[in-house]
Structure formats: C-alpha cells, structure tokens
Amino acid sequence: MRNTGFSLALMMAVLLLHFVALFSTKTTTNISTDQSALLALKAHIISDPQKMLKTNWSIATSFCNWVGVTCGSRHQKVIALNLSSMLLTGTVPPQIGNLSFLTSLDLTNNSFHGSLPIQLTNLHRLKLINLVLNNFYGEIPSWFDSFPKLQYLSLSANNFVGQIPSDMFERLPRLQVLYLDGNKLSGKIPLGLFKCKELEYISLAFNSLEGILPKEIGNLTMLELLFLQENQIEGAIPQQIGNFTRLRYLCLSFNSLTGVIPYEIGRLLNLEELIISNNMFKGSIFPSISNLTRLRFLNLASNSLTGVIPQQIGNLAQLKYLYLSYNSLTGIILHFFTIYAQFHDCKNLTNTINASTAREECLKETKPKK
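Every value quoted in this text rests on a predicted model; they were computed, and no experiment measured them. (Residues numbered from 1 in each chain as written. Predicted model: local features only at pLDDT ≥ 70, side-chain atom pairs only at ≥ 80, totals over all residues. Heavy atoms only, no water.)

**A look at the overall build of the chain**
Helix and strand counts for the chain stand at three helices and 25 strands. Here the chain, with 370 residues, has 47% of them falling under the buried criterion. Residue pairs in contact within the chain that sit at least 24 positions apart in sequence constitute 47% of those at least 6 positions apart. Accessible area of the chain: about 17800 Å², with a carbon and sulfur share of 56%. (Helix = DSSP H or I, 4+ residues; strand = E, 2+ residues; numbered from the N terminus. Buried < 20%, exposed > 50% of the residue type's maximum accessible area, 1.4 Å probe, protein only. Contact = heavy atoms within 4.5 Å. Areas by Shrake-Rupley, 256 points an atom, 1.4 Å probe, with all protein chains shown as cover.)

Structure (structure tokens):
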C-alpha cells in the first residue's frame, strides 16, 4: 500500500512538473510572438525622424518597456499600442495580427500608408482603432465587423475610397464613436449603421456621400454629435431627428437638403451648436427655437428662408454667434448683446446694440451661397 501511495505521489509530481514546463514554454512562445510582431512593425518603418523606435525598441530590454507599448499586469502580453504623433512613415505588416491580447491600436498622426492587412481580424479583443491622419488608401474593408468589442473607430483624414460597406456594422453592437470624415467615400450611408444604438459620436463629413437621411437615423438616441457637412446628401431632415435628446452638436451644412427646418429640432434641449447653412431649406425659422436655451452657435445662412426673424432668438442667453445671411428674412432682434450676427445684405443690424461690430463681422465673414 505504501509503495502504491508513493508511486501515485511520484506520478502526480512528474505530471505537475510536465504541466509547468509546458505552460512555461507556451508563455515564452507567446511572449516571443508579441516581440516578433513588434519587430516586424519596426522593420516596416522606412522613416523614423525622431528615432523613437530605432533607439528604444531594442531586444536588450523587455518589449513591455518599449515606447508606445503597454502590457497587461497579469501577463507579459501587449494590450495597447500607441504610436501617435511619432512622425513615422511605413506600412502595417500582417504580423500585427499576432498581438492576440491587443485592445487598443492608435497610429494617429503619422504617415502610414498602403492597405490594412486582413490579419487584423485576428484581434478580437480590440476596443479602439484610431488611424486618423495617415495615408491609408483603398476601400474600407468589410471585415471591420470582426471586432465585436469595438467601441471607438476613427479612419479620418486618410485616402479611403468607395462606399462604406453595407454590412460593416452588423456585428458592432458596442460601437460608440465613428469618425470617417476627410476621406473620399461615396454612395449612401448604410442602413446597418442605425443598428449601432450605443453610438454617441458620428462624423462622416468631407466626403461625397449621397442619398437621403432615412428615418431609421432616429434609432440613435444616444447621439451627442452628428457631423455630415460637405457631402451630397439630399431630401428633408426626417422628423425622427427629434429623438436625439442628448445631441449637443449638429452640422449638416453644404449639402442639398430641402424642405422646411423641422420643428422637432426644438426638442433637442441639449443642443449647443446648430449648423445647417448652405442647403436649400425654405419656409420660416421654426418658433420652437426658443427652447434651445443652451445654444451657443446658430448658422442658418445661405438657404432660402423667408419670414420674420423670431424675437425669441434674442432671448437665448448662451447664444454667441448667429449667422442668417443669404436668406430673405426680415425684422430685427431686440435684447441683442454680444452676438456676432449676419443677416441678409447686413440690412437689419442698425437697431442692434452692437451694430457696428456685428456689421463688420457680417461684411467680413459672410460666405456666398454655393
């Protein structure tokens, strides 16, 4: 019996040592994989004027101590890579897809170029992808739906072309921030975008997007910022815009929007900036504008608005900038203090308290209708 017990204990000890050895080997392999992935990225950098990677990313030190690299506290695995504003020029190698624990990838404000490697789809833990201000090109890959935990996606100020993939947002339920502005995107805004109900910030500005704003946009009740300026969007603003009760910034300028300005905008009580200039809106300024007590910036210039300017605008205590030029509005605003105003032909400034200053601003900053 003693021999049996001793043999059993010895067997357990051997198995335990074998397991520890396997785990140690696996961990070492994983660590080596992360280091190799980073060194592959370094090898794809063709210009490093600040010598950030050249001097710091050395195998003489642990890669967890390399500049821009963050490792997890419970394991020596890369969880964040932040190379923002290092003036780097190069491409992203496929080996980056081996950083299996990566949750944050930030390459902001460099000169990375080329297309994005499909191996990024291996990074299922990613919560943040920030590639703004680079030179990436090609179409936005449809495989961006491979990141089920993604909360922040910014591809702004690159050279992406083509349409926004129609099914790109089908499996991004946690997306909160989407910045695609400053590219060369065309086509319609995909309806799948309006299924991402946790979205708080959207900027698709400075592209060539077309089509209408569908009523499904009203599903995004968490929105705080919506920038769609300088596209080719047409049609009316849907009434469902009144669902954006958290919205603070709305910019739809330089599009081809038509119809009247919906009174539902008066429900957006948190609105601080409303910029819908350079469209084709008709009718009068909506009376419910008096509800927007937090409004600081109001630009309705270069439309086809008619009627009398609502006196209630003068009661908006937070309003600092008001642009109404290139419309056919009449009337004056009483109780008008520090607002820089622009009216049609600057005619209606003579009865405002700061008429001379406002007139100067009007003559200097008024832009002609596109």
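**Here we look at the pattern of salt bridges**
Tallied over the entire structure, the rule returns seven salt bridges. Of the charged contacts, one joins Arg248 and Glu272 as a salt bridge, the two residues approaching to 3.9 Å between their closest N and O atoms. Of the two residues, Arg248 sits in the loop between β16 (232–235) and β17 (249–251) while Glu272 sits in the loop between β18 (256–257) and β19 (273–275), which places them 24 residues apart along the sequence. Classification of Arg248 by relative accessible area gives partly exposed; the value is 24%. Note on Glu272: relative accessible area 16%, which makes it buried. We note a salt bridge from Glu273 to Arg296, for which the minimum N-O separation is 3.4 Å. Linking Glu273 in strand β19 with Arg296 in the loop between β20 (282–283) and β21 (297–299), this pair joins segments that are 23 residues apart in sequence. Residues joined by salt bridges that share partners form a network here, namely Glu224, Arg248, Glu272, Glu273 and Arg296. (Salt bridge = Lys/Arg side-chain N within 4 Å of Asp/Glu carboxyl O.)

**Side note on the UniProt feature "domain: Leucine-rich repeat-containing N-terminal plant-type" (unreviewed entry) in the chain**
Per the UniProt annotation, the sites labelled "domain: Leucine-rich repeat-containing N-terminal plant-type" (unreviewed entry) are residues 32–71. Across residues 32–71, the secondary structure splits into 42% helix and 15% strand, with the terminal C-alpha atoms separated by 13 Å. (UniProt positions renumbered as here; feature names shortened; annotations may be inferred.)

**A look at the pairing of strand β6 (residues 111–114)**
Burial along β6 is one-sided: Phe112 and Gly114 are buried, while Ser111 and His113, pointing the other way, are not. Of the pairings in the sheet, the one linking strand β4 (residues 89–90) to β6 comprises two bridges and is parallel in character. What sits directly across from Thr89, in β6, is Ser111. Examined bridge by bridge, β6 and strand β8 (residues 135–139) share two bridges and lie parallel to one another. Paired with Gly114 across the two strands is Phe136, which belongs to β8. (Pairing = 2+ DSSP bridges.)

**Points about unusual backbone geometry**
A positive phi angle is found at Glu230, which is not glycine, with a value near 60°. Relative to the assigned elements, Glu230 resides in the loop between β15 (225–227) and β16. Classification of Glu230 as partly exposed rests on a relative accessible area of 37%. Positioned with a positive phi, Ser302 is a non-glycine residue whose angle comes to about 55°. Secondary-structure assignment places Ser302 in the loop between β21 and β22 (304–308).

**Concerning the sheet that holds β22**
Within a sheet, each strand pairs with its neighbour through backbone hydrogen bonds, oriented either parallel or antiparallel. Spatially, β20-β22-β24 is the arrangement adopted by the three strands of the open sheet, whose pairing is parallel. At either end of the open sheet lies a strand with only one pairing partner, and these are β20 and β24 (328–330). As paired strands, β20 and β22 are joined by two bridges and run parallel to one another. Looking at the pairing, Lys282 lines up with Ser304 of β22.

**Thoughts on the pairing of strand β10 (residues 159–163)**
In summary, the side chains of a regular strand alternate between the two faces of the sheet. Sheet topology places β8 next to β10; three bridges connect them, and they run parallel. By the bridge assignment, Tyr137 is partnered in β10 with Asn159. Sheet topology note: the β10/strand β12 (residues 184–188) ladder contains three bridges and is parallel. Across the sheet, the residue bridging to Val161 is Lys184, located in β12.

**What to know about the packing of aromatic side chains**
Under the criterion given, the structure shown has eight aromatic pairs. A cation sits over an aromatic face here: Arg125 above Phe101, 4.1 Å from the ring centre. (Phe/Tyr/Trp six-rings, centres within 6.5 Å; stacked < 30°, edge-to-face > 60°. Lys NZ or Arg CZ within 6 Å of the ring centre and 35° of its normal.)

**So, the side chain of Ser288**
Position of Ser288 among the secondary structure elements: in the loop between β20 and β21. Polar side-chain contacts of Ser288 include one of 3.0 Å to the backbone oxygen of Tyr263. (Polar contact = N/O pair within 3.5 Å; in protein donor to acceptor, adjacent residues only side chain to side chain.)

**Re the sheet that holds β16**
Strand order across the open sheet formed by nine strands is β1-β4-β6-β8-β10-β12-β14-β16-β18, with mixed pairing between neighbours. Strands with a single pairing partner mark the edges of an open sheet, and in this sheet they are β1 (45–47) and β18. The pairing of strand β14 (residues 208–212) with β16 spans three bridges and is parallel. Paired with Glu210 across the bridge in β16 is Gln232.

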